[in-house]
Amino acid sequence: MGYNIAIDGPSGAGKSTIAKLVAKEKGFVYVDTGAMYRGLAIHFMKKGIKPGETDKIVSACEDAEVSIGYENGSQQIYLNNENITAMLRDEAVGSMASMSSGIPEVRAKLLELQRNLAREKDVVMDGRDIGTHVLPDADVKVYLTASVETRAKRRYKELLEKGIACEYDEIARDIEERDARDMSREIAPLKKAEDAVLVDSSDMGIEEVVAKIVELCR
Ligand code: C5P
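Residues numbered from 1 in each chain as written. Predicted model: local features only at pLDDT ≥ 70, side-chain atom pairs only at ≥ 80, totals over all residues. Heavy atoms only, no water.

1. Looking at the packing of aromatic side chains
All chains considered together, the criterion is met by two aromatic pairs. Considering the side-chain rings of Tyr 3 and Phe 28, the 5.7 Å spacing of their centres and the 55 degrees angle between planes classify their relative orientation as tilted. Here Tyr 3 is found in the segment before strand E1 (4-8), whereas its partner Phe 28 is found in the loop between helix H1 (15-26) and strand E2 (29-32), with 25 residues between them in sequence. Residue class for Phe 28 comes out buried when judged on its relative accessible area of 15%. Their ring planes at 85 degrees and their centres at 6.2 Å tell us that Tyr 156 and Tyr 168 sit as a pair that is edge-to-face. Taken together, the residues span a long stretch of sequence, with Tyr 156 in helix H7 (residues 148-161) and Tyr 168 in helix H8 (residues 168-184) at a distance of 12 residues. (Phe/Tyr/Trp six-rings, centres within 6.5 Å; stacked < 30°, edge-to-face > 60°. Helix = DSSP H or I, 4+ residues; strand = E, 2+ residues; numbered from the N terminus. Buried < 20%, exposed > 50% of the residue type's maximum accessible area, 1.4 Å probe, protein only.)

2. Focus on the side chain of Ser 11
As for its placement among the helices and strands, Ser 11 is situated in the loop between E1 and H1. Within the structure, the side chain of Ser 11 is placed 3.1 Å from the side chain of Arg 128, a separation counted as a polar contact. The contact partners of Ser 11, leaving out residues within four places of it in the chain, are Arg 128, Arg 151, Arg 178, Asp 179 and Asp 182. (Polar contact = N/O pair within 3.5 Å; in protein donor to acceptor, adjacent residues only side chain to side chain. Contact = heavy atoms within 4.5 Å.)

3. A closer look at the UniProt feature "binding site: ATP" (unreviewed entry) in the chain
When the UniProt feature table is mapped onto this chain, "binding site: ATP" (unreviewed entry) is found at Gly 9, Pro 10, Ser 11, Gly 12, Ala 13, Gly 14, Lys 15, Ser 16 and Thr 17. Along the polypeptide, Gly 9 turns up in the loop between E1 and H1. Of the residues examined, Gly 9 reaches a relative accessible area of 0% and is grouped as buried. Residues within four places of Gly 9 in sequence aside, it is in contact with Lys 15, Gly 127, Arg 128, Tyr 143, Leu 144 and Leu 190. Looking at where Ser 16 falls in the secondary structure, it is placed in helix H1. A relative accessible area of 31% places Ser 16 in the partly exposed class. The contacts of Ser 16, once residues within four sequence positions are left out, are Tyr 30 and Asp 126. (UniProt positions renumbered as here; feature names shortened; annotations may be inferred.)

4. A few points about the nonpolar core
Among the nonpolar cores identified, the biggest contains 35 residues, and Met 36, Phe 44, Ile 77, Val 106 and Met 125 are the most heavily contacted of them. Secondary structure elements with two or more residues in this core: helix H2 (33-46), helix H3 (54-60), strand E3 (66-71), strand E4 (74-79), helix H4 (91-100), helix H5 (104-120), strand E6 (123-127) and helix H6 (130-134). No other element matches the seven residues that H2 contributes to this core. Residue assignment places this core across two domains, with domain 1 (1-28 + 122-218) and domain 2 (32-121) each supplying three or more. Those residues in contact with Val 106 that sit more than four places away from it in its chain are Tyr 37, Leu 40, Phe 44, Ile 57, Cys 61, Ser 100 and Ser 101. (Core = buried A, V, L, I, M, F, W, Y, C linked by side-chain atoms within 4.5 Å. Domains from an automatic or database assignment.)

What follows is the structure in structure tokens.
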């Protein structure tokens, strides 16, 4: 078993930024499980399936193979051997991932991949259910959160910097909807594991959060 750091929390809490930096500092492998859900979402979208079409999503799971690799240290996602990493951050993909991640067959499809990675390597794995469900025996568990306002502001700034037009209110509403879906689903909902350390990054800088998590590993 590798040394496992699990970082869970709601959308936009900064999990991937923080997890990447912690992984770099520790010399561990960063595993972004959200990217795997996004990879499956692309598979469904390629088949022309719409978010609410559960039966079609369930049967589309049968011919989807998601795997991961690393190029210059950064995680790549393969869908049936095609590298689809460049498509993952698309808004429509995020939305499809959020809407399909509550389906048990979708989650089952990714669970073994995630567990195998943690078994073989020292990892920093981020997601929604890592500490509660995927790696219940992780060495360090963190629940990283921030207020809806903070998360929406960060996202708004990020999109503007990319030159994407957006409305702050719409982003805040979208974040609230994604939180509600992740927290209320029946299977592996987003919640803080009892033994996870709660870190609210609303008033913390990136380096401060990274230092706190590295400290927890001592
Ligand atoms: O974190 P990210 O936004 O990339 O995740 C995309 C979607 O995948 C989330 O909205 C969430 O519903 C789902 N997800 C999940 N469990 C994880 C990681 C992501 O349900 N461990």
